[in-house]
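A closer look at the structure
One letter stands for each residue in the lines below.
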Protein chains: 2
Amino acid sequence: LNKGKIKPFRKEFLSLHNYDQAQFYLSLSEEERKKLYHFLSPAEMADLFEEIEEENEETEQYLKEMNKQYAADMLSKMYTDNAVDILKQLEVADQQKYLALMPKEEAGELIDLLDYKQSTAGSIMTTEFAFIFAGQTIKEAMADIKRQAQEAETIYYIYVVDAERKLVGVLSLRDLILRSDDELIRDIMGERVISVHINEDQEDVAHTIRDYDLLAVPVIDEENRLVGIITVDDIIDVIDEEAASDYSGLAAVDVEERTENPFVAASKRLPWLITLLFLGMGTSTLISRYESMVSTASILAVFISLITGTAGNAGTQSLAVAVRKLADKDNEKKNNLKLIFKELATGLVSGLVTGLVIFLVVGIWQHNFILGFVIGMAMLCAITVASLAGSFIPLLMDRLGFDPAVASGPFITTLSDLTSVFIYFTIASYFLSFF
Amino acid sequence: LNKGKIKPFRKEFLSLHNYDQAQFYLSLSEEERKKLYHFLSPAEMADLFEEIEEENEETEQYLKEMNKQYAADMLSKMYTDNAVDILKQLEVADQQKYLALMPKEEAGELIDLLDYKQSTAGSIMTTEFAFIFAGQTIKEAMADIKRQAQEAETIYYIYVVDAERKLVGVLSLRDLILRSDDELIRDIMGERVISVHINEDQEDVAHTIRDYDLLAVPVIDEENRLVGIITVDDIIDVIDEEAASDYSGLAAVDVEERTENPFVAASKRLPWLITLLFLGMGTSTLISRYESMVSTASILAVFISLITGTAGNAGTQSLAVAVRKLADKDNEKKNNLKLIFKELATGLVSGLVTGLVIFLVVGIWQHNFILGFVIGMAMLCAITVASLAGSFIPLLMDRLGFDPAVASGPFITTLSDLTSVFIYFTIASYFLSFF
């Protein structure tokens, strides 16, 4: 298809959805891509690029393949939020190069957006939105909207501003087409506008859009001026990222790992593994202090991994529940002390049941109910402590201003190994004569 | 506010966003809620109920507080997808009761929707959508849309059907208002409609909406007839659920646990804990077979937890990466064998580095480099095997048609304990004379 006539190719290609165009583009070789740049205008290429995932590492390469002016034109035709995502991946020198080739106004907007701190509303908003004035009639407003419709990322929510660009109201396009032409915007607009502040965290923005079932939310600055909008499709990406980062935390690995190279993958996982190895060495050192006890009663060694493993599992459960509870911003009245108490009590109950089970199993298996009692007691205490740690540590991190999700499962497990072993041998030492 | 005059209360209350109304409602006592039912019409109450989370356990209680006819009216005024969510939580007898009190047409639609299998497109779609015919002019179509606008959940995408209700095209409201009145729908509509099938899994629907950045997607049946739409706000809920269920899998606990009661919480976590306990007993049994070896060389006991722990951590990392890769439906050409090889190689590299580190640390610490070599070798093998298991097991589950996310971290950890211990003691047995 790509090897020949421009016209039939363009006709076929442009009838595809942008996402499918992008998938096609990603499947091409460098040479084929270069042909495509000749076939398509910067604006058409911009539509395609809107659909390329922002984390794609090769975007930089793609831009370099293009004529510089073509690339700059394409970037300036894109919605500002996506153009900024691409520019952020470039070296500062490259950013400047492309920005210099753009129309001044476009470049200025992009430069402003590049300044916003990572993960704030400002950094993900787009500046292409439709707005009208409160004093307009519907007819006037509709004419304005039609004029803005080409540029704006969405025209389904239309924001109403006053002379100073302050946000004073909102209307949906649906409301607008249902009303008669001569009504005043002021009389029909909604005055309680759900908006977000430009420095607000993107996760909070996601919660707002999700809770209120919005298609877009306006972004305002300190003076309540409308500076941008964030649309729901960008929020879905934020929610996906958030889930991936929570998941990564729980497993102590970047789950979005894109490399196919085992050396690169290992080099990213090893820092965690080695850190945890040294934490684990603490447990080994502790056991070595009880070595003489183990050589007297080697049966004790049989149950070390059972107790540490089970306590670790209980700690992981507790951790996961606590991290999700903390992430649930809806729950404004989050009562941290209550959460810890609940996890403590849950750990106690789980520990009692598990302890009882293992008491019976070990007692019958080894014909030694005193050994069973020691294992059971150790299990009870170790599970309780692990459950407490599983809720306390993420809570502490939250309080200290860290993301509680980075308190990973493996970290809790390794930490609980240490306490479990200590509890186990301390209890066992009192009953040593019975084994 | 609630204790007095209807009019000022209604004025204030109805000016709130439905989500805030719902939050207010949820904060009320039973008596206050009952007052509210008198203050608001079923239709107003329906708007509020759209915003109450579907998993709220108390919804059943709320319905019981209402007059039966009031509840039925409210349900029939709600968007069908949300009404179905509520009905699904009720006993069949209660469902019948409310359905019997509804207008026949409404009840029929709800009954149809209740029949769709859980988690399919059919079960989350709404039947309130705007549609027009290909032969209409824009003017005729706009009149149709205005008529449908009150009912439809969204009118921003308008679907075009033929005389048999088959889906033939799509238009956005934006396109529509930008064109002149006498153009024919047929000439301006998009003919490549992205749609989903009624039996498609809701996660696939979520991927479609996310990839194509849609606000809604049409649902079609076997004969290509348009039967409903799914809007982006419902998809956000699906994505949230999906993330929570992946997270739950990794930690072997239902992270959405809503109970505050530690007994209930423990009873939900214990099945996993006890299952894993018995799996862990396997490891203990294995160690007990080496008990005589441990009593000769008690230093071996010191490193059991270090080796099992580190291998477990590596297995968890590998698992999390594999589960995410499998969930990524974009990746059509997912090469399973390649994934396993990559994880195997990554495990080998990680194992080599970790093994080398522990060889040096143990060698220096214990002044015994042969012991260091045994621990290091065991570490290398155990990490490699755990990484392999971490990718192989979810892949196997995927092949067998299970959700790979239920292969939980604790399960992999406990399983890898068993293999790690076996590897460790097997290697150690060859070098026993040196300790």
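Treat the numbers as computed from the prediction; the structure is a model and nothing was measured. (Residues numbered from 1 in each chain as written. Chains lettered and ligands numbered in written order. Predicted model: local features only at pLDDT ≥ 70, side-chain atom pairs only at ≥ 80, totals over all residues. Heavy atoms only, no water.)

Some points on the domain arrangement of chain A
A common way to state how big an interface is: give the accessible area lost once the parts meet. Threshold: Start and end positions for the domains come from either an automated domain assignment or a database one.
The assigned domain composition of chain A is domain 1 (6-115), domain 2 (131-239) and domain 3 (262-434). Placing a centre on the C-alpha atoms of domain 1 of chain A and another on those of domain 3 of chain A gives a separation of 51 Å.

Examining the pairing of strand β5 (residues 216-220) of chain B
Residues and elements named next belong to chain B. Let me state the cut-off plainly: Here's how the labels work: a residue is buried when its accessible area is under 20% of the maximum for its type, exposed when over 50%, partly exposed in between, all with a 1.4 Å probe on protein chains only. Numbering of helices and strands starts at the N terminus; helices are DSSP runs of H or I of at least 4 residues and strands are runs of E of at least 2. Strand pairing is assigned whenever DSSP detects at least two bridges linking the two strands.
The element β5 is extensively covered by neighbouring structure, given that 5 of its 5 residues are classed as buried. Neither face of β5 is exposed, since A216, P218 and I220 on one face and V217 and V219 on the opposite face are all buried. With 2 bridges connecting them, strand β4 (residues 196-197) and β5 associate as parallel partners. When the sheet's bridge partners are listed, H197 is paired in β5 with I220. Strand direction decides the pairing type here: β5 and strand β6 (residues 226-231), joined by 5 bridges, are antiparallel.

Considerations on helix α9 (residues 104-114) of chain B
In an α-helix, one full turn covers 3.6 residues, which means residues spaced three or four apart are oriented alike. Residues and elements named next belong to chain B. Spelled out, the test is: What the arc describes is the spread of directions from the helix axis to the C-beta atoms. Contact between two residues is taken to exist if any of their heavy atoms lie within 4.5 Å; hydrogens are not considered.
Turning to α9, its buried residues number three or more, namely E106, A107, L110, L113 and L114. Looking down the long axis of α9, one finds its buried residues gathered within 125 degrees of arc, a one-sided arrangement. For α9, exposure combined with an orientation more than 90 degrees from the buried face picks out K104 and E105. Residues of α9 that are buried make contact with α6 (68-77), α7 (80-88), α8 (92-100) and α10 (121-124).

Regarding the pairing of strand β6 (residues 226-231) of chain A
Residues in a regular strand point their side chains to alternate faces of the sheet. The element β6 of chain A is largely enclosed, with a buried count of 5 among its 6 residues. Linkage of strand β5 (residues 216-220) of chain A to β6 of chain A, two consecutive antiparallel strands, is achieved through a turn of 5 residues, within which N224 of chain A is found at a positive phi near 70 degrees.

Regarding the sheet that holds β6 of chain B
Residues and elements named next belong to chain B. Spelled out, the test is: Orientation is described by lines fitted to C-alpha atoms, with helices fitted over the stretch in contact, and by angles between N-to-C directions that extend from 0 to 180 degrees.
Overall, mixed pairing links the 3 strands, which are arranged β4-β5-β6 in an open sheet. Two strands bound the open sheet, and with one partner strand each, they are β4 and β6. Across the sheet, helix α14 (residues 202-211) is in contact with β4, β5 and β6; its angle to β5 comes to roughly 135 degrees.

Comments concerning the relation of the copies chain A and chain B
Let me state the cut-off plainly: The copies are overlaid by a least-squares fit using only the C-alpha atoms of residues whose pLDDT is at least 70 in both copies.
Mapping chain A onto chain B calls for a screw motion: a turn of 180 degrees about the axis and a shift of 0.0 Å along it, with 0.1 Å RMSD after fitting. In symmetry terms, the pair is related by a two-fold rotation axis. If distances are taken from each C-alpha of chain A to the rotation axis, the shortest is found for S295 of chain A, at 2.4 Å. Same-surface contact between copies: 100% of interface residues of chain A are shared with the interface of chain B.

Topic: the side chain of D240 of chain B
When you line up the elements, D240 of chain B lands in helix α15 (residues 232-251). When near neighbours in sequence (up to four residues on either side) are disregarded, D240 of chain B contacts R210, I239 and R324 of chain A.

Focus on the interface of chain A and chain B
Counted only if it meets this: A simple way to read buried area is as the amount of 1.4 Å-probe accessible surface that goes missing from two parts once joined, with both sides added. Within this document, salt bridges are pairs made up of a side-chain nitrogen of Lys or Arg and a carboxyl oxygen of Asp or Glu, the two lying within 4 Å of each other. By the criterion applied in these results, polar contacts are pairs of N or O atoms within 3.5 Å in which, for protein atoms, one can donate a hydrogen and the other can accept it, and in which residues neighboring in sequence qualify only through two side-chain atoms.
With 108 residues of chain A in contact, the opposing surface of chain B contributes 108 residues. When chain A packs against chain B, close to 10000 Å² is buried across both sides, 65% of that on carbon and sulfur atoms. Contact with chain B buries area across many residues of chain A, yet R174, Y247 and Q317 of chain A alone supply 8% of it, more than any other trio. The interface formed by chain A and chain B holds 6 salt bridges in total. When the shortest N-O distance is used, the salt bridge between R192 of chain B and E12 of chain A registers 3.4 Å. Between chain A and chain B we count 29 residue pairs in polar contact (both at pLDDT 80 or more) in total. Residue contributions to the side of chain A that touches chain B peak at 19 residues, all from helix α16 (residues 262-289) of chain A.

A word on the nonpolar core
To keep things clear, this is the line we draw: Only buried Ala, Val, Leu, Ile, Met, Phe, Trp, Tyr and Cys residues count toward a nonpolar core, and they belong to the same one when joined by side-chain atoms within 4.5 Å.
By size, the foremost hydrophobic cluster in this structure holds 173 residues, and its most contacted members are F49 and L173 of chain A together with F49 and L173 of chain B. Setting aside residues no more than four positions away along its own chain, L173 of chain B makes contact with Y156, L173 and I177 of chain A together with M142, I155, Y156 and I158 of chain B. Formed by 78 residues, the second largest nonpolar core is a distinct cluster that contains M293 and F303 of chain A together with L270 and L286 of chain B.

Description of empty space enclosed by the protein
Keep this limit in mind: Here the term cavity refers to a set of points on a 1 Å grid, laid over the protein atoms alone, in which a 1.4 Å probe fits but cannot get out; the term pocket refers to an open set having protein on both sides within 12 Å along at least five of seven lines, with lining residues being those that place an atom within 4 Å of a point. Grid points are joined across faces, edges and corners, and a volume is the space filled by probe spheres set on the points. Each residue is assigned to one of three groups, with Ala, Val, Leu, Ile, Met, Phe, Trp, Tyr, Cys and Pro labelled nonpolar, Asp, Glu, Lys and Arg labelled charged, and all others, Gly among them, labelled polar.
Inspection of every chain in the model, using the stated rule, returns 6 cavities of 30 Å³ or more. Considering only enclosed or pocket space, the largest cavity measures out at about 120 Å³ in volume. Along the walls of the largest cavity sit L250, N313, T316, G409, P410 and T413 of chain A together with L250, N313, T316, G409, P410 and T413 of chain B, which together make up its complete lining. Of all the secondary structure elements, the ones that give two or more residues to the lining of the largest cavity are α18 (299-327) and α21 (409-430) of chain A together with α18 (299-327) and α21 (409-430) of chain B. Here the lining of the largest cavity is built from residues that sort into 4 nonpolar, 8 polar and no charged.

Details of the sheet that holds strand β2 (residues 157-161) of chain A
Residue and element names in this part refer to chain A. The 3 strands are arranged β1-β2-β3 in an open sheet whose pairing can be described as mixed. In the strand order of this sheet, the two ends are held by β1 (131-133) and β3 (167-172), each with one partner. For this sheet the average axis-to-axis angle between neighbouring strands, irrespective of direction, equals 35 degrees. Of the strand pairs in this sheet, β1 and β2 are connected by 3 bridges, and their pairing is parallel. Of the residues in β2, the one forming a bridge with I132 is V160.

A word on the packing of aromatic side chains
Residues and elements named next belong to chain A. To keep things clear, this is the line we draw: Stacked, tilted and edge-to-face are the three classes applied to pairs of Phe, Tyr and Trp rings, where Trp contributes its six-membered ring and a pair requires centres within 6.5 Å; stacked means planes under 30 degrees apart, edge-to-face means over 60, and tilted covers the rest. Put simply, a charge is over a ring when the Lys NZ or the Arg CZ is close to the ring centre, within 6 Å, and near the line of the ring normal, within 35 degrees.
If you walk through the whole model with that rule in mind, you get 35 aromatic pairs over all chains. Ring plane angle 50 degrees and centroid distance 6.3 Å describe the contact between Y25 and Y37, whose orientation is recorded as tilted. On the criterion of sequence distance, the pair formed by Y25 in helix α2 (residues 18-26) and Y37 in helix α3 (residues 30-39) is long-range, its members being 12 residues apart. Taken individually, Y25 and Y37 each receive the classification buried, so the pair is uniform in this respect. Through a chain of ring-to-ring contacts, three or more aromatic side chains come together here, namely Y25, Y37, F49, Y62 and Y70. Taking the ring centre of F131 as reference, the NZ or CZ of R165 above it sits at 5.0 Å.

With respect to the side chain of E153 of chain A
Convention followed: His is not counted here, nor are the chain ends, while Lys and Arg score as positive and Asp and Glu score as negative.
By the element assignment, E153 of chain A lies in the loop between α11 (138-148) and β2. One buried charged residue, E153 of chain A, forms no salt bridge at all, with the nearest opposite charge on R174 of chain B at 7.9 Å. Filtering out sequence-adjacent residues up to four positions away, E153 of chain A remains in contact with Y79, D81, T126, E128, T231, D233 and D234 of chain A together with R174 of chain B.

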